[in-house]
Amino acid sequence: MAVSPVNSKAYYHARSISLPSRPHPLIPEFEEHLCRLRASEAASSSSSISLKLSGLTDLHDCVDNLLLLPFTQQTLAQCRHELWVDELLDGSLRLLDICGLAKDALLQTREGAQELQSSMRRKRGRENGISSEIEKYQTSRKKVKKAIHKALRSLKGMKNECRFAALSKDPETLSMVTMLREVETITLRVLEALLSSITGATTGSKQRGWSLVSKLMQHNHGACDEAEAYQSEFEKVDNTLCTLLGNKNKSVNVVHVDNVHNEVSKLESSIQDLEEGIEFLSRCLIKTRVSLLNILSH
């Protein structure tokens, strides 16, 4: 009997799958990537999500290497007509669609942020005349958020459906299917976190959002340090702009506008990192999908 590359007692013992054969060296690597992603799920800042995207890319690279193994290819080829294979392919396509949505949302937000920065520089010295530019940015953000909220509702349904058809197969096949299902599930979770971050809807954001008022207008840094640590750059900019507009009937000085400049600059930098991360992930997803299709066509 051939040694199965997708057999790991340590990882699958909770699923009551216990096999005697020796796991392939790629399996511990796969488990390590997966455990790191799970351990970082609670973090919601833009930088932490960039790290998650990088971790996902490593995970999918590992999966693609597993797909090169003869046993994996043989198993998939033999199961090409099984329902779970169709579900796997459908899932990969949906993941690519979500990546496309995230790319569009990041691009639209970045362009809006760049336009806002440019307008504020042109109107420097006329700080009270920037309200219309801020409102224009906010209108663009509302469109982005509307599209993402719609996608997030669909994504929740997809997460519930992320269960490949019940199998009555040999343990090695079950292990491989379980592994692929885990990859799809963790990928969905990270993409959901990314989309939520873009909308500024991180955990507890409503309670923390107003704490930035003191930072912008009163410069009470100590009161806001803890709140800021949990906020994404998208949320920080949204809250800062809302605060600025809320004080438009009061004196808005150069310091206030400089605060906006600083927050928007940080946002642009974060968007660049996220765009790179989602691009690398998309390429990995495409590569994996092509590998699957090639295996199934032979």
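Residue indices begin from 1 for each chain and proceed along its sequence in written order. Owing to the predicted nature of the model, reporting of local features is limited to residues with pLDDT of at least 70; listing and counting of side-chain atom pairs is limited to 80 or more, with chain, interface and lining totals taken over all residues. Side-chain measures here rest on the full set of heavy atoms in the structure, leaving out hydrogens and waters.

### Side note on the overall build of the protein chain
We count it as follows: Numbering of helices and strands starts at the N terminus; helices are DSSP runs of H or I of at least 4 residues and strands are runs of E of at least 2. Residue contacts follow a heavy-atom distance rule, with two residues in contact if any of their heavy atoms lie within 4.5 Å. For the area figures, the Shrake-Rupley method with a 1.4 Å probe applies, and any residue is considered shielded solely by the protein chains shown.
Counting its secondary structure elements, the protein chain contains 12 helices and zero strands. Secondary structure elements of the protein chain, listed N to C terminal, follow the sequence α-α-α-α-α-α-α-α-α-α-α-α. Taking as baseline every contact in the protein chain between residues at least 6 positions apart, the subset at least 24 positions apart corresponds to 79%. Put simply, the protein chain shows about 14,800 Å² of open surface, and 52% of that area lies on carbon and sulfur atoms.

### A short note on the environment of leucine 293
With respect to the helices and strands, leucine 293 occurs in helix H12 (residues 254-296). Sequence spacing of leucine 293 and arginine 80 is 213 residues, and the spatial spacing of their C-alpha atoms is 9.7 Å.

### Section: the side chain of serine 282
Test applied: Only protein chains enter the area calculation, which uses a 1.4 Å probe; residues under 20% of their type maximum are buried, those over 50% are exposed, and those in between are partly exposed. Whenever a nitrogen or oxygen atom comes within 3.5 Å of another N or O atom, the pair is scored as a polar contact, on the condition that within protein one atom can donate a hydrogen and the other can accept it, and that pairs from neighbouring residues in sequence are kept only if both atoms are in side chains.
With respect to the helices and strands, the residue serine 282 is situated in helix H12. The class for serine 282 is buried, based on a relative accessible area of 5%. Here the side chain of serine 282 touches isoleucine 278 through a polar contact of 2.8 Å, landing on its backbone oxygen. The contact partners of serine 282, leaving out residues within four places of it in the chain, are Leu96, Cys99 and Lys103.

### Observations concerning the packing of helix H5 (residues 83-122) against helix H7 (residues 171-199)
Rule in force here: Here an axis means a line fitted to C-alpha atoms, over the contact stretch when the element is a helix, while the angle between two N-to-C directions is reported on a 0 to 180 degree scale. Just so you know how the angles are binned, under 35 degrees is roughly parallel, over 145 roughly antiparallel, 65 to 115 roughly perpendicular, and the rest oblique. Note on convention: the crossing is left-handed when the near helix lies turned anticlockwise from the far helix by less than a right angle, right-handed when the turn is clockwise.
At a minimum axis distance of 11 Å, the contact between H5 and H7 shows a crossing angle of 20 degrees. Classified by the interaxial angle, the pair formed by H5 and H7 is roughly parallel. Crossing of H5 over H7 shows left-handed handedness. On the side of H5, the interface is formed by Trp84, Leu88, Gly91, Arg94, Leu95, Ile98, Cys99, Leu101, Ala102, Ala105, Leu106 and Thr109, while H7 contributes Thr173, Met176, Val177, Leu180, Glu184, Thr187, Leu188, Leu191, Leu194, Leu195 and Ile198.

### Considerations on the pattern of salt bridges
Condition: The salt bridge criterion pairs a side-chain nitrogen of Lys or Arg with a carboxyl oxygen of Asp or Glu, the two atoms within 4 Å.
A complete count under the given rule lists 10 salt bridges for this structure. Residue aspartate 238 is joined to lysine 145 by a salt bridge in which the shortest nitrogen-to-oxygen separation is 3.3 Å. A residue pair is termed long-range when its members are at least 10 positions apart, and aspartate 238 in helix H11 (residues 233-246) and lysine 145 in helix H6 (residues 131-161) qualify at 93 residues. When the shortest N-O distance is used, the salt bridge between glutamate 233 and lysine 236 registers 3.9 Å. You can see glutamate 233 and its partner lysine 236 sitting in helix H11, three residues apart, about one turn around the helix. We classify glutamate 233 as buried; its relative accessible area is 14%. One salt-bridge network, in which partners are shared between bridges, spans Lys103, Glu279 and Arg283.

### Observations regarding the nonpolar core
What counts is decided by this rule: Grouping buried Ala, Val, Leu, Ile, Met, Phe, Trp, Tyr and Cys residues that are joined through side-chain atoms within 4.5 Å yields what is termed a nonpolar core.
Counting residues in each nonpolar core, the largest one holds 65 residues, and the members touching the most others are Trp84 and Ile278. If one sorts the elements of this core by residue count, H5 sits on top with 13 residues. Those residues within four positions of isoleucine 278 in sequence are excluded, and the remaining contacts are Leu53, Cys99, Ala102, Lys103, Leu106, Leu191 and Leu194.

### Section: H11
An α-helix turns once every 3.6 residues. As a result, residues three or four positions apart point the same way. Note the following rule: For a helix, the expected span equals 1.5 Å multiplied by the number of residues minus one.
Taking 1.5 Å per residue as the helical rise, H11 with its 14 residues ought to reach 20 Å, and the 20 Å between its terminal C-alpha atoms agrees with that figure. Looking only at H11, the buried set comprises Glu233, Phe234, Glu235, Lys236, Val237, Asp238, Asn239, Thr240, Leu241, Thr243, Leu244 and Leu245.

### Here we look at the environment of leucine 244
Relative to the helices and strands, leucine 244 resides in helix H11. We classify leucine 244 as buried; its relative accessible area is 3%. Sequence spacing of leucine 244 and valine 257 is 13 residues, and the spatial spacing of their C-alpha atoms is 8.5 Å.

### Let's talk about the packing of helix H2 (residues 26-39) against helix H3 (residues 46-66)
Interaxial distance between H2 and H3 falls to 9 Å at its minimum, and their mutual angle equals 160 degrees. The pairing of H2 with H3 is recorded here as roughly antiparallel in orientation. Two packed elements cross with a definite hand, and for H2 against H3 that hand is left-handed. Along its contact with H2, which presents Leu26, Ile27, Glu29, Phe30, His33, Leu34 and Leu37, the element H3 presents Lys52, Gly55, Leu56, Asp58, Leu59, Cys62, Val63, Asn65 and Leu66.

### Some details on the confidence of the model for the protein chain
What counts, and what does not: What pLDDT reports is the predictor's confidence in each residue, on a scale of 0 through 100.
The share of residues in the protein chain with pLDDT of 70 or more is 73%, and the mean pLDDT across the chain is 78. Contacts from residues 203-219, a stretch scored under 50 in pLDDT, to residues over four places away or in other chains number 40 contacts.

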